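# Per-entry structural report
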Amino acid sequence: MGTGSRILELLASPGHRFEGRPQDGPSPAPPGELVREVRVRAGLGIVGDRYFGHPAHRDASVTVIAAESLPPGAGLAQVRRNILVAGVPVDDLVGSVLTLDSGDGPVRLHAKRPANPCAWMDVTIGPGAWRALRGHGGIRCVPLDDGLLRVGCVTFAVSQPD
């Protein structure tokens with residue numbers, strides 16, 4: 001069980017910001033998309049997020065990225081992932097179950113596949129970010145439990161799926 005780790009940011013956005021061509025720029029951020037806590041529902045995702053319960057995203061409804069993969073000043077508003085953690089080896093977890101507990105009980109996330117970066121990263125973070133994030137873009141997960149995650153200290157564990 002890992003300690004000393006943190007959830008730095010949480011994002012639950014009701015809308016897509018990366019539509020059209022990257023050179024046209026992202027849509028404006030909806031108010032309140034960066035939050036202090038998120039409610040996770042097993043098999044559905046994060047309540048209030050654009051991918052919650054969306055059939056095409058059932059295997060990827062929650063995304064997690066490591067702060068260590070991002071340049072200084074970049075966060076969830078730029079990469080459009082849901083959970084930004086520090087001290088968790090996120091990119092090594094594909095195929096595993098990541099359990100996060102921020103004090104309200106454990107939430108297990110089955111890491112199904114990498115969350116590959118896209119060309120938008122060169123617009124939202126800066127030139128070269130798309131290439132730099134390859135292999136470090138986070139993971140796409142299926143939540144296995146209902147629960148609550150909060151910004152702040154978090155313990156984590158890694159296991160194999162049942």
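So, how was this worked out
Starting afresh in each chain, residues are numbered from 1 along the sequence in its written order. Local features in this predicted model are restricted to residues whose pLDDT is 70 or higher, and side-chain atom pairs enter the listing and the counts only when it is 80 or higher, whereas totals over whole chains, interfaces and linings include all residues. Note that the side-chain values use all heavy atoms of the structure and ignore hydrogens as well as water. To qualify as a helix, a DSSP run of H or I must reach at least 4 residues; to qualify as a strand, a run of E must reach at least 2; elements of each kind are numbered from the N terminus. Contact criterion: two residues are considered in contact whenever any of their non-hydrogen atoms come within 4.5 Å of each other. For the area figures, the Shrake-Rupley method with a 1.4 Å probe applies, and any residue is considered shielded solely by the protein chains shown. Each residue is assigned to one of three classes by its accessible area relative to the maximum for its type, calculated with a 1.4 Å probe on protein chains only: buried under 20%, partly exposed between the two thresholds, exposed over 50%. In these notes, a set of buried Ala, Val, Leu, Ile, Met, Phe, Trp, Tyr and Cys residues joined through side-chain atoms within 4.5 Å is what counts as a nonpolar core. For two strands to be treated as a pair, DSSP must find at least two bridges joining them. Every case where a carboxyl oxygen of Asp or Glu lies within 4 Å of a side-chain nitrogen of Lys or Arg is listed as a salt bridge.

### Section: the overall build of the chain
For the chain, the count of helices and strands is three helices and 11 strands. In the chain, the order of α-helices and β-strands from amino to carboxyl end is β-β-β-β-β-α-β-β-β-α-α-β-β-β. When contacts within the chain are restricted to residue pairs at least 6 apart in sequence, those whose partners lie at least 24 apart make up 70%. Surface exposure of the chain reaches about 7,700 Å², of which carbon and sulfur atoms provide 52%.

### A closer look at unusual backbone geometry
Within the chain, Arg 80 stands out as a residue other than glycine whose phi angle is a positive 60 degrees. Along the chain, Arg 80 turns up in the loop between helix 1 (76-79) and strand 6 (83-86). With relative accessibility at 7%, the residue Arg 80 sits in the buried group.

### Some words on the side chain of Thr 99
Within the secondary structure, Thr 99 sits in strand 7 (residues 97-101). Leave out the neighbours within four places in its chain, and Thr 99 touches Pro 106, Val 107, Arg 108, Thr 155, Phe 156 and Ala 157.

### Brief notes about the environment of Gly 73
Its place among the elements puts Gly 73 in the loop between strand 5 (62-66) and helix 1. Along the backbone, Gly 73 and Ile 125 are 52 residues apart, and their C-alpha atoms lie at a distance of 8.7 Å.

### Section: the nonpolar core
Counting residues in each nonpolar core, the largest one holds 25 residues, and the members touching the most others are Val 64, Ile 83, Leu 100, Leu 109 and Leu 149. Discounting chain neighbours no more than four positions away, the residues touching Leu 109 are Val 62, Val 64, Ile 83, Ser 96, Val 97, Leu 98, Leu 100, Cys 141, Val 142 and Pro 143.

### What to know about the pairing of strand 7
In terms of burial, strand 7 is a largely internal element, four of the five residues being buried. The pairing of strand 7 with strand 8 (residues 107-114) spans four bridges and is antiparallel. Within the sheet, the bridge partner assigned to Thr 99 lies in strand 8 and is Arg 108. Here strand 7 hands over to strand 8 after five residues, with Gly 103 in that stretch at a positive phi of 115 degrees. Sheet topology places strand 7 next to strand 11 (residues 152-159); five bridges connect them, and they run antiparallel. By the bridge assignment, Val 97 is partnered in strand 11 with Ser 159.

### Quick notes on the sheet that holds strand 3 (residues 37-41)
Strand pairing in a sheet relies on backbone hydrogen bonds. The paired strands run either parallel or antiparallel. Taken together, the three strands give an open sheet; going across it, the order is 4-3-10, and neighbouring strands pair in antiparallel fashion. Edge positions in the open sheet fall to strand 4 (45-46) and strand 10 (147-150), since each of these has one partner strand only. Across two bridges, the pairing between strand 3 and strand 4 is antiparallel. Each bridged residue has a counterpart across the sheet, and for Arg 41 the counterpart in strand 4 is Gly 45.

### Let's talk about the pattern of salt bridges
Side chains carrying opposite charge are able to pair once their charged atoms draw close together. All told, the structure shown has six salt bridges when counted by the stated rule. Arg 150 serves as the salt-bridge partner of Glu 37, at 2.5 Å between the closest nitrogen and oxygen. With Glu 37 in strand 3 and Arg 150 in strand 10, this pair connects stretches of sequence that are 113 residues apart. Judged by its relative accessible area of 31%, Arg 150 is partly exposed.

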